[in-house]
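Spelled out, the chains give:
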Amino acid sequence: MEREEILHWLKERDEARLEDLWARADAVRAAHVGPEVHFRGLIEISNHCIRQCQYCGISAGAVGIRRYRMSEAEILACAEEAKAYGYGTVVLQGGEDPGLTEAFITELVVRIKERTGLAVTLSLGEREEHELRAWKAAGADRYLLRFESSDAELYRRIHPSRPGALPDRIALLKRLGDLGYEVGSGIMVGIPGQTWDILARDLEVFRELDLDMIGIGPFIPSERTPLGGALAEELRLQAGDQQVPNDELTTLKTVALARLICPEANLPSTTALATIDPEQGRELGLCRGANIVMPNMTPPEYRILYEIYPGKACIQETAGMCRACLSGRIHRIGRIPGKGTGSRLAALKKA
Ligand code: 5AD
Ligand code: FES
């Protein structure tokens with residue numbers, strides 16, 4: 001799909017014409033990844049973070065929140081629960097937390113593999129090469145790191161780099177692929193300063209990176225962050241009438257286009273989408289291109305502390321409630337829970 005066509009669809013507002021986009025995305029989803037919806041059990045293992053992402057409610061600058069780091073025993077118990085529920089994957093996600101040491105994660109991955117055999121996805125920020133290597137060798141299968149924006153200037157504004165480090169997540173994503181990880185990335189839709197051209201380019205970058213998984217959710221402003229205040233005003237002003245809205249329709253158009261552009265990728269129907277539309281968000285994502293859900297498995301006492309944006313869906317629920325909720329929603333739209341790990345690379349090898 002050419003840039004012009006991407007832009008045309010992103011800006012389309014006519015509901016009748018959009019039916020065509022939804023139908024095409026759903027047909028491509030059915031043809032390439034089938035009716036299965038794979039469950040990835042999400043364990044939010046630490047809310048410590050040394051970075052200053054200007055949109056994120058648990059960044060280093062977010063004051064007044066209690067910080068936690070789960071113990072190995074607590075994380076293993078969640079992984080075993082995921083296994084018991086029949087999920088194929090656990091996702092270990094956290095802030096960029098040096099307290100999650102190379103040795104701690106290595107040991108953890110080995111133990112999870114021994115006890116559950118599940119696929120293990122890591123989502124721990126921009127880590128050092130030797131750490132990423134050690135974790136891969138320990139048995140980690142996948143790594144998630146959203147590039148957030150393909151526009152270098154916007155990325156720089158919303159994402160101050162570490163002193164001395166180059167702000168290049170895209171290079172890191174390529175590195176992760178070379179190390180043998182299945183690689184997931186993604187973006188937020190409607191970040192202040194994001195123009196239609198930037199969003200269209202993001203979609204092209206998904207294709208160029210040949211991503212295995214692509215997470216797309218709406219930007220949700222958090223008052224404890226600069227992008228919930230003055231910085232947002234400034235960036236929106238700069239984008240002017242080219243500013244992308246952070247609404248549900250634009251998010252769904254982006255998901256549908258990602259499916260058309262990357263037919264075999266794994267696409268989650270995200271928690272952020274469920275947050276802005278608690279009634280129908282998950283289902284609409286799944287019916288317009290998505291084939292993955294990420295039920296939250298974080299123990300309740302920690303879950304409420306992992307508030308990367310306000311009103312985050314599932315913050316009051318338990319792992320069992322999220323499982324029942326998602327199973328019901330999937331069943332009601334006529335889809336089936338996936339079996340196995342739902343790996344894109346394995347699926348490609350089979351084909
Ligand atoms: N609104 C929506 N999504 C957010 N994320 C972080 N902060 C926000 C926010 N305010 C997303 C980022 C990150 C992922 C873990 O959560 O894209 O990569
Ligand atoms: Fe958690 Fe619906 S997925 S309550």
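The structure we're discussing is the one just above.
Described below are features of the structure shown in this document. (Residues numbered from 1 in each chain as written. Chains lettered and ligands numbered in written order. Predicted model: local features only at pLDDT ≥ 70, side-chain atom pairs only at ≥ 80, totals over all residues. Heavy atoms only, no water.)

**Examining the packing of helix 3 (residues 72-84) against helix 4 (residues 102-116)**
Working step 1: One way to put it is that helix 3 packs onto helix 4 with a least axis distance of 10 Å and a crossing angle of 30°. As for the relative orientation of helix 3 and helix 4, their crossing is right-handed in sense. Seen from helix 3, the contacting residues are E72, I75, L76, A79, E80 and K83; seen from helix 4, they are F104, E107, L108, R111, I112, R115 and T116. (Axes fitted to C-alpha atoms, helices over the stretch in contact; angles between N-to-C directions. Helix = DSSP H or I, 4+ residues; strand = E, 2+ residues; numbered from the N terminus. Left-handed = near helix turned anticlockwise from the far one by under 90°. Contact = heavy atoms within 4.5 Å.)

**A word on the site of ligand 1**
Working step 1: All residues adjacent to ligand 1 are Y55, C56, R146, E148, M188, P218, F219, I220, I308 and Y309.
Working step 2: Here an oxygen atom of ligand 1 and a side-chain polar atom of R146 are 2.8 Å apart.
Working step 3: A total of 400 Å² of accessible area belongs to ligand 1 in isolation, and the protein chains cover 87% of it.
Working step 4: Partitioned by chemical class, the residues of the shell around ligand 1 number 8 nonpolar, no polar and 2 charged. (Near = heavy atom within 4 Å. Polar contact = N/O pair within 3.5 Å; in protein donor to acceptor, adjacent residues only side chain to side chain. Areas by Shrake-Rupley, 256 points an atom, 1.4 Å probe, with all protein chains shown as cover. Nonpolar A, V, L, I, M, F, W, Y, C, P; charged D, E, K, R; others polar.)

**Some words on the pattern of salt bridges**
Working step 1: By the definition in use, this model includes 28 salt bridges.
Working step 2: One salt bridge in this structure joins E204 and R3, with 2.9 Å as the shortest N-O distance. Here E204 is found in helix 8 (residues 196-209), whereas its partner R3 is found in helix 1 (residues 3-11), with 201 residues between them in sequence.
Working step 3: R175 is the partner of E129 in a salt bridge, and the nearest nitrogen-oxygen pair spans 2.5 Å. Taken as a pair, E129 in helix 5 (residues 129-138) and R175 in helix 7 (residues 169-178) lie far apart in primary sequence, 46 residues in all.
Working step 4: Accessibility expressed as a relative area gives 29% for R175, which makes it partly exposed.
Working step 5: Look at the salt bridges and you will find they share partners, linking R51, E96, E126, E148 and R169 into a network. (Salt bridge = Lys/Arg side-chain N within 4 Å of Asp/Glu carboxyl O. Buried < 20%, exposed > 50% of the residue type's maximum accessible area, 1.4 Å probe, protein only.)

**A short note on helix 14 (residues 319-332)**
Working step 1: Along its 14 residues, helix 14 runs 20 Å from first to last C-alpha, staying within 8% of the 20 Å computed at 1.5 Å per residue.
Working step 2: All of the buried residues along helix 14 are A319, C322, L326, G328, R329 and I330.
Working step 3: Close packing links the buried residues of helix 14 with strand 1 (36-46), helix 3, helix 12 (281-287), strand 7 (292-293), helix 13 (300-303) and strand 8 (336-337).
Working step 4: Count one or two residues on from helix 14 and you reach G334, which has phi positive near 80°. (Expected span 1.5 Å × (residues − 1).)

**Notes on the packing of helix 1 against helix 8**
A pair of packed helices is captured by two measures, namely the crossing angle of their axes and the spacing between those axes.
Working step 1: It is at 10 Å that the axes of helix 1 and helix 8 come closest, and there the two elements cross at 120°. Relative to helix 8, the element helix 1 lies oblique. In the packing of helix 1 onto helix 8, the handedness of the crossing is right-handed. Contact residues: helix 1 offers R3, I6, L7, L10 and K11, while helix 8 offers W196, D197, L199, A200, R201, L203 and E204.
Working step 2: Taken together, the residues of the contact of helix 1 with helix 8 break down into 7 nonpolar, no polar and 5 charged. (Parallel < 35°, antiparallel > 145°, perpendicular 65-115°, else oblique.)

**Remarks on helix 9 (residues 230-239)**
Working step 1: Within helix 9, burial applies to L231, A232, L235 and A239. For helix 9, the buried positions fall inside an angular range of 100° around the axis, keeping them on one side. Opposite its buried face, helix 9 presents the exposed residues A230, E233 and L237, each directed more than 90 degrees away.
Working step 2: Buried residues along helix 9 sit against helix 6 (152-158).
Working step 3: Backbone geometry just after helix 9 places G240 at a positive phi near 60°. (Arc of directions from axis to C-beta.)

Everything listed here is a matter of geometry and, on its own, says nothing about what the molecule does.
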